[in-house]
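# Structure at a glance
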Amino acid sequence: MAEAAAITPAAKQQGHFVPVLTICLVLLAIWYLACIPMNWVITGPKIEAAGGGAWSVLALSWNDQRPVIPAPHQIIVEMWNTIFMIAPWKVKSLVYHGWVTASSTLLGFILGTLLGIGLAIAIVHSKILSKSLMPWIIASQTIPILAIAPMVIVVLGAIGFTGLVPKSLISMYLCFFPVTIGMVKGLTSPEVMQLDLMRTYNASTSQVLWKLRFPASVPFLFASLKVAVAIALTGAIVGELPTGAIAGIGARLLNGSYYGQTVQIWAALFAASFIAAALVWLVGVIERITLKAMGARP
């Protein structure tokens, strides 16, 4: 007991940090080594022209302007130049493109959450919907989003909806599914004894929902929201690809692919991952605040 008490929070944090740092360093070393054979198609003739040598191999493999796989430091430099060295309202700024995609993601995430919760409530309270609607909800996720996105963009564009709305609907289509499944599981999580007790108190269906089912479903809801918000970002990026958009992470990826700017493509991909991580973290913060307000143990 004394030894366990002697372990400080700083020591625990270091115990988690060191393994993660070690794995990151190993992956970084593998990445740098992989750049040499992967970029050889481009750098091979240049290395031979330079007379060969280890220094020429490393310098050219890790610093080519249009590599097959950019070195990590090239991505860092590209992100630094497009995030901190350009005004955020400029078209060349990665902050500007990130905000365009994040706005579509958040709107689609909100719409998908509301749709998922509404469907879950309907399914839980109706056996007919449970048997008829749930299979269609599951089947909807078997259709590739790359096949749906162009049709959604074209149809909505024909009736005057362009810009934020089509991308948000694609995000909503992707993220409503985990919310629906999670909420159905959460709303049906109360035990039979608890439901019988509510009936003993002569509680109405709405009272059972708000006083028992919904509080019991909160942990399931936030677990689903963390998945949904990341998928919503993917939907927003996919929604930007078939539109020829000039703004957004998807537009940044398309622009980089058109002109062979692989460093720009990888920087956009890393920016998307950071946005997703930030959104998941934000959902986690809201979860902790909500559970604390509900009286849950820390």
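Right, let's walk through the structure included here.

Along the protein, the regular secondary structure elements total 13 helices and zero strands. For the C-alpha atoms alone, the extent of the protein along its principal axes is close to 90 × 70 × 35 Å. Within the protein, the fraction of its 298 residues that count as buried is 38%. A sequence separation of at least 24 residues applies to 72% of the contacts in the protein between residues at least 6 apart. Only carbon and sulfur atoms are counted for the fraction: they give 73% of the accessible area of the protein, which is about 17500 Å². Here the protein holds 17 positive side-chain charges and 8 negative ones, and the gap between their average locations is 11 Å.

In this section: the packing of aromatic side chains. According to the stated counting rule, one finds seven aromatic pairs in the structure shown. Relative to Trp-62, the ring of Tyr-32 has its centre 4.9 Å away and its plane inclined at 70 degrees; by these criteria the two rings are edge-to-face. One end of the pair, Tyr-32, is in helix H2 (residues 9–38); the other, Trp-62, is in helix H4 (residues 54–63), and 30 residues separate them in sequence. Exposure remark for Trp-62: the relative accessible area of 22% places this residue in the partly exposed category.

Attention now moves to the state of the cysteines. All told, the structure shown has zero disulfides when counted by the stated rule. No disulfide involves Cys-24; its sulfur sits 17 Å from the nearest other cysteine sulfur, which is in Cys-35.

Where helix H6 (residues 94–125) meets helix H12 (residues 249–258), the axes come as close as 7 Å, and the angle between the chain directions of the two elements is 130 degrees. Classed by the angle they form, the pair H6 and H12 counts as oblique. Across from Leu-94, His-97, Gly-98 and Thr-101 in H6, the residues of H12 making contact are Ile-249, Gly-250 and Arg-252.

On the surface, Phe-17, Val-18, Leu-21, Leu-25 and Leu-28 cluster together into a nonpolar patch covering about 440 Å² of accessible area. If you trace the backbone, Phe-17 turns up in helix H2.

This next bit is on the pattern of salt bridges. As enumerated under the stated definition, the model contains four salt bridges in all. Measuring nitrogen to oxygen at the nearest pair gives 2.8 Å for the salt bridge that ties Lys-226 to Glu-287. A residue pair is termed long-range when its members are at least 10 positions apart, and Lys-226 in helix H11 (residues 205–240) and Glu-287 in helix H13 (residues 262–293) qualify at 61 residues.

Let us look at the nonpolar core. Counting residues in hydrophobic clusters, the biggest one holds 52 residues, and the most contacted among them are Phe-109, Ile-145, Val-179, Met-183, Leu-225 and Ile-249. No other element matches H11, which puts 11 residues into this core. Discounting residues that sit within four places of it in the chain, Ile-249 has contacts with Leu-94, His-97, Gly-98, Thr-101, Ile-237, Glu-240, Ala-268, Ala-271 and Ala-272.

Right, let's talk about the side chain of Thr-43 for a bit. For Thr-43, the position within the fold is in helix H3 (residues 40–49). The exposure class assigned to Thr-43 is buried, which follows from its relative accessible area of 0%. Residues in contact with Thr-43, not counting those within four places in the same chain, are Leu-60, Ser-61 and Asp-64.

With their axes 10 Å apart at the nearest point, helix H7 (residues 127–140) and helix H9 (residues 164–187) run at an angle of 140 degrees to one another. In terms of axis orientation, H7 runs oblique to H9. Read as a crossing pair, H7 and H9 show a hand that is left-handed. Across from Met-134, Ile-137, Ile-138 and Ser-140 in H7, the residues of H9 making contact are Tyr-173, Phe-176, Phe-177, Thr-180, Ile-181 and Val-184. When its residues are assigned to classes, the contact of H7 with H9 shows eight nonpolar, two polar and no charged.

Cut-off values and rules
- Residue indices follow the written sequence of each chain, beginning from 1 at its first position.
- Totals for whole chains, interfaces and linings use all residues, but because this is a predicted model, local features are given only for residues with pLDDT of at least 70 and pairs of side-chain atoms are given and counted only at 80 or more.
- Where side-chain values are given, they derive from all heavy atoms of the structure, hydrogens and water being excluded.
- Put simply, DSSP marks the helices as runs of H or I at least four residues long and the strands as runs of E at least two long, and each gets a number from the N terminus on.
- Each residue is placed in one exposure class: buried if its accessible area under a 1.4 Å probe, protein chains only, is under 20% of its type's maximum, exposed if it is over 50%, and partly exposed if it falls in between.
- Throughout, a residue-residue contact means that at least one pair of heavy atoms, one from each residue, lies within 4.5 Å.
- Note on areas: Shrake-Rupley with a 1.4 Å probe; residue coverage comes only from the protein chains shown.
- Asp and Glu count as negative and Lys and Arg as positive, but His and the ends of the chain are not part of the count.
- All charge positions are set by atom: Lys at NZ, Arg at CZ, Asp at CG, Glu at CD.
- A pair of aromatic rings is counted whenever rings of Phe, Tyr or Trp (Trp by its six-membered ring) have centres within 6.5 Å, and the orientation is called stacked for planes under 30 degrees apart, edge-to-face for over 60 and tilted otherwise.
- To count as a disulfide, a pair of cysteine sulfur atoms needs to be within 2.5 Å.
- Orientation is described by axes fitted as lines to C-alpha atoms, over the contacting stretch for helices, and by angles from 0 to 180 degrees between their N-to-C directions.
- Throughout this description, any angle smaller than 35 degrees is read as roughly parallel, any larger than 145 degrees as roughly antiparallel, any in the 65 to 115 degree range as roughly perpendicular, and the remainder as oblique.
- Surface patches are drawn from residues lacking salt bridges whose relative accessible area is over 30%; two like charges belong together within 9 Å, two nonpolar side chains (Val, Leu, Ile, Met, Phe, Trp, Tyr) within 5 Å.
- Salt bridge, as used here, is a side-chain nitrogen of Lys or Arg placed within 4 Å of a carboxyl oxygen of Asp or Glu.
- Put simply, a nonpolar core is a bunch of buried Ala, Val, Leu, Ile, Met, Phe, Trp, Tyr and Cys residues held in one set by side-chain atoms that sit within 4.5 Å of each other.
- For a crossing to be left-handed, the near helix must be turned anticlockwise from the far one by less than a right angle; the clockwise case is right-handed.
- Residues are grouped as follows: Ala, Val, Leu, Ile, Met, Phe, Trp, Tyr, Cys and Pro are nonpolar; Asp, Glu, Lys and Arg are charged; all remaining types, including Gly, are polar.

This is a description of form; function is not addressed.
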